[in-house]
Structure formats: structure tokens, C-alpha cells
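Listed below are the residues making up each chain.
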Amino acid sequence: MDQETIAKGFYMSLCSRDEIERIFNVSSASDYLLKIRADATVNHVRIYRVFMRTMADAGENWCFNDYFDTKPLENYVEHLADEDYAEAKELTAGFVFCDKPNGQIEKTEFGNIITISESLRYFLYFMNLAILDHGDAEVPQAVRSAAIKIAIRTMLQSEALDFELDPRGEIPKQVHDNVQYHTNRQLEFIVGHEFAHYFLGHLNDANLIEDTYLSVREMGEKPHKFFSYAQQDELDADINAIERPIYTPDMRADLVNRALFFFVYLHIYQGVKDQISPSVGRAKSHPEPIDRFHHMYNHFKDSVELDEDNLKSLLELGDIYKESLVEDVALNFESYESYGSIYLAQWRGKVLIDRVDF
């Protein structure tokens, strides 16, 4: 067997023949995105196992590229004005498995590609489970505390990326549906933030950095080239993500609130990260999350309806969680650094055995 046939064999269990040919003969931005997704899968055993289970459940309807959710992208783009909509539809964008939980724009020979990390979805999901009011459903404090720790560990890249195999517990449907709804809306803001960088012309070749999608470098691949931005660019993209689409006043207010919650979540995470690895003397590419919160709040407070009392409570709760987690890091440092999984306290359900039950 020649080397290319051997290399293609790694993808045959998950991808169709057509997808494999596109991966090995990239000729467009969409092919390139497919290759990013496939490479991450075959080079990361945990992600590979997630796909194998999903493929088994899908049966004959399985399509590797269709696994990735497109709703947050579509929901954002469909609200753009005609000219922006046409331009956005020409831009390749999608979710990828990436253990750096953020959005990025990569420069490729086929054009710029927007990617959003699936890890960011998990971070938001468990933060929403921990922080939000879930109506009539009671969420025990121990479950909330475990959820926020799972979220933080996901950002720290120490939580296993296998939530679809091992969901960390039995979450009541009412709670899951509520969390999922809020998570998707927050992802719309994050999608809009990346599109805003594109529309605002922040893609300066002088600010390209080299990096990989996974901490384990892709086989035989050179590092990818991503755009980095000035802190003012980040603040401008936050505002533009909400001002550019054509929203009703209620929809705009809703997305502002989603963004503000997201910034508080990042504020909590940043407190833990700084306790584990202080950033003294290191330049930061992004403004502090709490600065992004206040910048957005001050920009929109007179033009959209915001619940002042709720936001005040959110900031207070964020500080309480941050202080509690910082203290926990000091006492239980290894529980944040060690790779693996933690569970949702009394919602854990049956103890599952790795490679037996999932």
C-alpha cells in the first residue's frame, strides 16, 4: 500500500469516500474546514470515540460533516442586511473541535475561515446550568458547584472532550432544554463577534500568529495562521456584533444580556486562571472580561431595555463564585490540572465505566 492509501485509512471509519477525497485534495475553503474537523477527530482518541458512538446511533443517515451544528451561525447571519448577508454567506464558517475555547479567523490560501470551538459550547452549557434560574426545576447547589467546575476545567483544557459519550450526569429535560436555549443564543453573539472582526476590517496580515487547533499537533501539518487583534478591536467587535444585524428592540436587548452574562462567565474563569497561572508582565490580547461587560453596558444602557437589578445580582454572584473557586484552587489545585472528568454531584446517576458503558 502506498503512503496516501495508508493515510486515507485513518479516515475511512468515519468519512465517506467523497469526504476523504476532499480532505486529501483540498480545493476550497469548505474542503479546508472539513479537513480541520477530520484531522482533529482522527488525532484525538476521545473525540474519535464520540464520533464513533454518534455514527452508530445515526446508522445509514450518518454524514460526518453534518454532525456539526449550524443553527447559531444561520440564526445570526439571517438577520444581517442584504449586502452583509450576501457577503457572510460567501464566508466559510463553522464549529470545530478545538481545545482552545474561543472563536478564531484563520487565513488560508482559499480565503479566510471563521471557526468556533465546540469546547466553548460546553463551557457555556455548564456555566448556564450553574448560574441561571431554571424556573420550577430545582437545581441543587452541589450540582451547580460541580457544573461550574466542569466549565472552568473545560476552559483549562483539563476536562475530557467526551460530553456526548459521558454527559456527566442525568440532567432533567426541562433544565437541559432551558440551558441549551440560552447557550445557543450566547453562541450567536460569539459568532457575531467573529463576523464583526471580518466586517470591520480587523484582518491585518501583520497580526498573524501560528497555532494549532488541538494541543496535540495535527499529523504532518504546519501550524495554522490565525489573526490576532488589538484590545480596541475586540471592544469594537463586541458592539458591532449586536448593532450590525437587523433586530427588533427586544431581540437586541436579549442579545446584549446574553453577551453580558458571557462576560461575567469569562470573569469567573479569568479569576481561576490567574490564580493558577498569574499573568503579571504578560501582554493580554483581549480586554479584561469585566471591562468588556462595562463597555457594552455603558454603550447600550440608554438604547435598550436592561434589567438593572438582575445585572447587579449577576455581578455579585459572579464575584462570589470567583472568590469561592479561587479559594478552592488554593486547597485543591490538582483537581483543576488533572485530565479527566468530574460529575454533577447527586445528579450523576449510574456510575459508568469507561470503554464498557461508553
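Anything mentioned here points back to the structure above.
What you are looking at is a predicted structure, and each value in this text was computed from that prediction instead of being measured. All residue numbers refer to positions counted from 1 along the written sequence of the respective chain. For a predicted model such as this one, the threshold for reporting local features is a pLDDT of at least 70, and the threshold for listing and counting side-chain atom pairs is 80 or more; totals across whole chains, interfaces and linings nevertheless cover every residue. Note: side-chain values were computed over all heavy atoms of the structure, leaving out hydrogens and water.

Undergrad: Quick rundown of the overall build of the protein chain? Include the residues and the values.
TA: Only DSSP runs of H or I reaching four residues or more are called helices, and only runs of E reaching two or more are called strands; each is numbered from the N terminus. If you tally the helices and strands in the protein chain, you get 14 helices and five strands. For the radius of gyration, the atom set is restricted to C-alpha positions; the globular benchmark scales as 2.2 Å times the number of residues to the power 0.38. What you see for the protein chain is a C-alpha radius of gyration of 21 Å, in line with the 21 Å of a compact globule of 358 residues. Within the protein chain, the proportion of its 358 residues that are buried is 51%. Throughout, a residue-residue contact means that at least one pair of heavy atoms, one from each residue, lies within 4.5 Å. Across the protein chain, contacts joining residues at least 24 apart in sequence account for 74% of those joining residues at least 6 apart. Each accessible area is a Shrake-Rupley result for a 1.4 Å probe, and residues are judged covered by the shown protein chains and nothing else. As displayed, the protein chain has an accessible area near 17,000 Å², and 49% of this comes from carbon and sulfur atoms. We treat Lys and Arg as the positive residues and Asp and Glu as the negative residues; His and chain ends play no part in the count. To locate a charge, take atom NZ for lysine, CZ for arginine, CG for aspartate or CD for glutamate. Side chains of the protein chain give 35 positive and 62 negative charges; the mean places of these two sets differ by 5 Å. Each residue is placed in one exposure class: buried if its accessible area under a 1.4 Å probe, protein chains only, is under 20% of its type's maximum, exposed if it is over 50%, and partly exposed if it falls in between.

Undergrad: An account of helix H2 (residues 17-24) is requested, with residue identities and associated values reported.
TA: Inspection of H2 places Glu 19, Ile 20 and Ile 23 among the buried residues, and these make up the whole buried set. Mapping the buried residues of H2 onto a view down its axis gives an arc of 100 degrees, with all of them on the same face. Facing away from the buried side of H2 by over 90 degrees, the exposed positions are Arg 17 and Asp 18. Looking at the packing, one finds that the buried side of H2 touches helix H1 (3-9) and helix H3 (29-42). Each direction from the helix axis to a C-beta atom contributes to the arc, which is the arc of those directions.

Undergrad: Report on the packing of helix H10 (residues 231-243) against helix H11 (residues 249-276), specifying residues and quantitative values.
TA: Running from N to C, H10 and H11 point in directions that differ by 150 degrees, and their axes come no closer than 9 Å. For the element pair H10 / H11, the angle class is roughly antiparallel. Viewed along their axes, H10 and H11 form a crossing whose handedness is right-handed. Residue-level contacts link Asp 238, Ala 241, Ile 242 and Glu 243 of H10 to Arg 252, Leu 255, Val 256, Ala 259 and Phe 263 of H11. Each residue receives one of three labels: charged for Asp, Glu, Lys and Arg, nonpolar for Ala, Val, Leu, Ile, Met, Phe, Trp, Tyr, Cys and Pro, and polar for the others, Gly being one of them. Looking at the contact of H10 with H11 residue by residue, the classes come out as six nonpolar, no polar and three charged. Only the contacting stretch of a helix is used when fitting its axis, a line to C-alpha atoms as for every element, and angles between N-to-C directions run 0 to 180 degrees. Any angle that falls under 35 degrees is termed roughly parallel, while one over 145 is termed roughly antiparallel, one within 65 to 115 roughly perpendicular, and all others oblique. Crossing handedness is defined as follows: a turn of the near helix away from the far one that is anticlockwise and smaller than a right angle gives a left-handed crossing, while the clockwise case is right-handed.

Undergrad: Report on H11, specifying residues and quantitative values.
TA: Multiplying one less than the number of residues by 1.5 Å gives the expected span of a helix. Over its 28 residues, H11 runs 41 Å from end to end, which matches the ideal 40 Å to within 8%, given 1.5 Å per residue. Extensive coverage of H11 is indicated by the burial of 21 of its 28 residues.

Undergrad: Lay out the packing of helix H9 (residues 173-199) against H11 in plain terms, naming residues and giving numbers.
TA: Relative orientation of the contacting elements H9 and H11 amounts to 90 degrees, with a least axis distance of 9 Å. Accordingly, the angle class assigned to the pair H9 and H11 is roughly perpendicular. Contacts from Tyr 181, His 182, Arg 185, Gln 186, Glu 188, Phe 189 and Ile 190 in H9 reach Met 251, Asp 254, Leu 255, Arg 258, Ala 259, Phe 261, Phe 262, Phe 263 and Tyr 265 in H11. In terms of residue class, the contact of H9 with H11 is made up of ten nonpolar, two polar and four charged.

Undergrad: Run through the state of the cysteines, naming residues and quoting values.
TA: Sulfur atoms of two cysteines make up a disulfide when they are within 2.5 Å. Inspection of every chain in the model, using the stated rule, returns zero disulfides. For Cys 63, which is in no disulfide, the shortest distance to another cysteine sulfur is to Cys 15 and amounts to 8.8 Å. Note on Cys 63: relative accessible area 27%, which makes it partly exposed.

Undergrad: Lay out the nonpolar core in plain terms, naming residues and giving numbers.
TA: With 98 residues, the main nonpolar core has Phe 123, Phe 189, Phe 195 and Met 296 as its most contacted residues. Here this core takes 15 residues from H11, the largest share from any one element. Among residues more than four places away in sequence, those in contact with Met 296 are Phe 189, Asp 238, Ile 239, Ile 242, Val 256, Ala 259, Leu 260 and Phe 263. In terms of nonpolar packing, the next biggest core, distinct from the first, is built from nine residues, Tyr 32, Ile 36, Val 96 and Cys 98 among them. What is meant by a nonpolar core is a set of buried Ala, Val, Leu, Ile, Met, Phe, Trp, Tyr and Cys residues, joined one to another through side-chain atoms within 4.5 Å.

Undergrad: Please give an account of the environment of Ala 206 that cites residues and values.
TA: Position of Ala 206 among the secondary structure elements: in the loop between H9 and strand S4 (208-211). Taking the C-alpha atoms as reference, Ala 206 lies 15 Å from His 224; in sequence the two are 18 residues apart.

Undergrad: Give me the pairing of strand S3 (residues 111-117): which residues, what numbers.
TA: With respect to burial, S3 is a largely interior element, five of its seven residues being buried. Where strand S1 (residues 92-96) and S3 come together, five bridges link them in parallel fashion. Considered in S3, the bridge of Phe 95 is made with Ile 116. Think of it this way: DSSP has to see at least two bridges between two strands before they count as a pair. Sheet analysis places strand S2 (residues 103-108) next to S3, joined by six bridges and oriented antiparallel. Bridged to Lys 107 within S3 is Asn 112. The loop that links S2 with its antiparallel partner S3 comprises two residues.

Interpretation note: all reported values are geometric properties and have no functional meaning in isolation.
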